[in-house]
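# Tertiary structure, described
The chain contents come next:
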Amino acid sequence: MFVTLKSLINPKNLSIEFMNKIKVGHEFYGITQNPETKNYMLVVNNKCKKCNNICNTIHFQHKFINWTSGNKIIDEFIQDTQLSAHNDDEISHALEWIPYDRFNNIKYIEKMGVHRADWIDGYIYKWGDKCQNWGRLSQDMFVTLEDLIDPKNVSIEFMNKIKVDHEFYGITQNPETKNYVLVLNNKCKKCNGICNTIHFQHKFIDWTSGNDDIDKFIQDSQLLAHNRTYSVIEWVPYDRFYGIEYIAKGGFGKVYKANWIDGCIRYRNSWDSENQIWKREDQNMFVALKSLNNSKN
Ligand SMILES: [Zn+2]
Ligand SMILES: [Zn+2]
Ligand SMILES: [Zn+2]
């Protein structure tokens with residue numbers, strides 16, 4: 001655990017009253033001695049004045065010396081948001097300074113007009129006493145990166161404006177351009193949160209049919225799948241099938257049967273946030289493949 005060591009001015013003053021005075025603003029654990037200076041020191045931890053215990057704001061403060069954005073205004077802004085996150089249910093108010101090397105696979109998504117990245121660590125959800133570090137969820141989660149246009153104007157009002165249509169996790173800096181960059185995720189306007197349509201959009205750059213009409217048709221179906229993926233269709237690479245056999249000539253053309261290795265996306269609770277992929281069921285299911293002769297239809 002983190003502790004603070006405070007010099008004990010005069011050992012003669014030690015008394016129960018002295019201890020009670022210390023305990024007003026501190027957890028008081030013990031006394032130690034610096035072997036070089038021979039000074040006695042109190043082993044304490046600061047308590048939050050508002051909570052009268054060691055709340056999240058104390059843990060954030062202990063880490064203030066471990067990071068800097070290189071910009072005083074941005075540092076103070078991030079610190080302010082952390083100093084307002086006393087309880088675990090306020091922890092999403094706390095922004096973080098996120099070094100740029102904590103992101104992987106940064107790619108531009110034209111449809112959203114933003115960059116997408118994998119955030120290696122995921123977001124903070126509570127303090128871990130055992131590891132003396134923040135517990136995090138959603139490792140390798142998708143986030144979007146947007147340039148911070150005016151670093152001088154970061155403020156709580158600015159943050160609240162961003163939060164209308166984004167989840168806001170922190171700030172980073174592109175080491176090449178030196179631009180400060182907001183680490184966000186878009187919220188769905190209809191759901192006011194991160195629904196299936198956001199996850200589908202993040203994946204738009206990971207596939208293409210090679211035909212714009214087909215891409216748009218598939219994307220449109222995915223952009224309707226807010227809470228459930230009931231009517232979603234997806235682009236399935238041909239190598240995700242095996243056992244392909246010709247059956248017959250049908251209404252559209254030739255019909256084949258095949259096994260689909262991955263199976264279809266689950267209808268409900270479909271997103272696997274641990275792995276940032278869709279949960280699937282019916283692996284190796286039989287499907288019929290029918291030729292689509294004219295994609296203009
Ligand atoms: Zn507190
Ligand atoms: Zn945005
Ligand atoms: Zn939605």
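Cut-offs applied
Residues numbered from 1 in each chain as written. Chains lettered and ligands numbered in written order. Predicted model: local features only at pLDDT ≥ 70, side-chain atom pairs only at ≥ 80, totals over all residues. Heavy atoms only, no water. Pairing = 2+ DSSP bridges. Helix = DSSP H or I, 4+ residues; strand = E, 2+ residues; numbered from the N terminus. Axes fitted to C-alpha atoms, helices over the stretch in contact; angles between N-to-C directions. Contact = heavy atoms within 4.5 Å. Donors = N, O, S within 2.8 Å, 3.2 Å for Na, K, Ca; no water. Salt bridge = Lys/Arg side-chain N within 4 Å of Asp/Glu carboxyl O. Buried < 20%, exposed > 50% of the residue type's maximum accessible area, 1.4 Å probe, protein only. pLDDT = per-residue confidence, 0-100.

Let us look at the sheet that holds strand β18 (residues 285-290). Strand order in the open sheet formed by 3 strands is β12-β13-β18, with antiparallel pairing between adjacent strands. Pairing within the sheet leaves two strands with one partner each, and these edge strands are β12 (241-249) and β18. Strand-to-strand twist in this sheet, taken as the mean axis angle between neighbours without regard to direction, amounts to 25 degrees. In this structure, β12 lies alongside strand β13 (residues 254-260), joined through 6 bridges in antiparallel fashion.

Here 6 strands make up an open sheet; going across it, the order is β4-β10-β11-β9-β6-β5 and the pairing mixed. Unpaired on one side and paired on the other, β4 (96-97) and β5 (103-109) mark the two borders of the sheet. In the packing of helix α4 (residues 156-165) onto the sheet, the strands contacted are β10 (166-173) and β11 (180-186), and the crossing angle to β10 comes to about 125 degrees.

This part is about the coordination of the zinc ion (ligand 2). Only Glu-146 (OE) and His-166 (NE2) from the protein coordinate the zinc ion (ligand 2), and they sit 2.0 to 2.1 Å from it. Of this pair, Glu-146 sits in strand β9 (residues 141-147) while His-166 is found in strand β10, placing the two residues 20 residues apart along the sequence.

A separate point is the pattern of salt bridges. Taken as a whole and judged by the stated rule, the model has 8 salt bridges. Notably, a salt bridge pairs Asp-206 with Arg-116, separated by 3.0 Å at the nearest N-O pair. Of this pair, Asp-206 sits in the loop between α5 (196-203) and α6 (212-222) while Arg-116 sits in strand β6 (residues 114-119); the two residues are 90 residues apart in sequence, bridging distant segments of the chain. The partly exposed category is assigned to Asp-206, whose relative accessible area is 41%. As a salt-bridge pair, Glu-234 and Arg-280 come within 2.8 Å of each other at their nearest N and O atoms.

Attention now moves to the environment of Tyr-29. Mapped onto the elements of the fold, Tyr-29 is located in strand β2 (residues 26-33). Between the C-alpha atoms of Tyr-29 and Asn-45, which are 16 residues apart in sequence, the distance is 8.1 Å. Excluding anything up to four places from it in sequence, Tyr-29 contacts Met-1, Val-3, Val-43, Val-44, Asn-45 and Ile-54.

Turning our attention to the confidence of the model for the protein chain. Here the protein chain averages 90 in pLDDT, while 98% of its residues score no lower than 70. Within the protein chain, strand β1 (residues 4-7) has the poorest average pLDDT of any element, 86, and β4 the best, 98.

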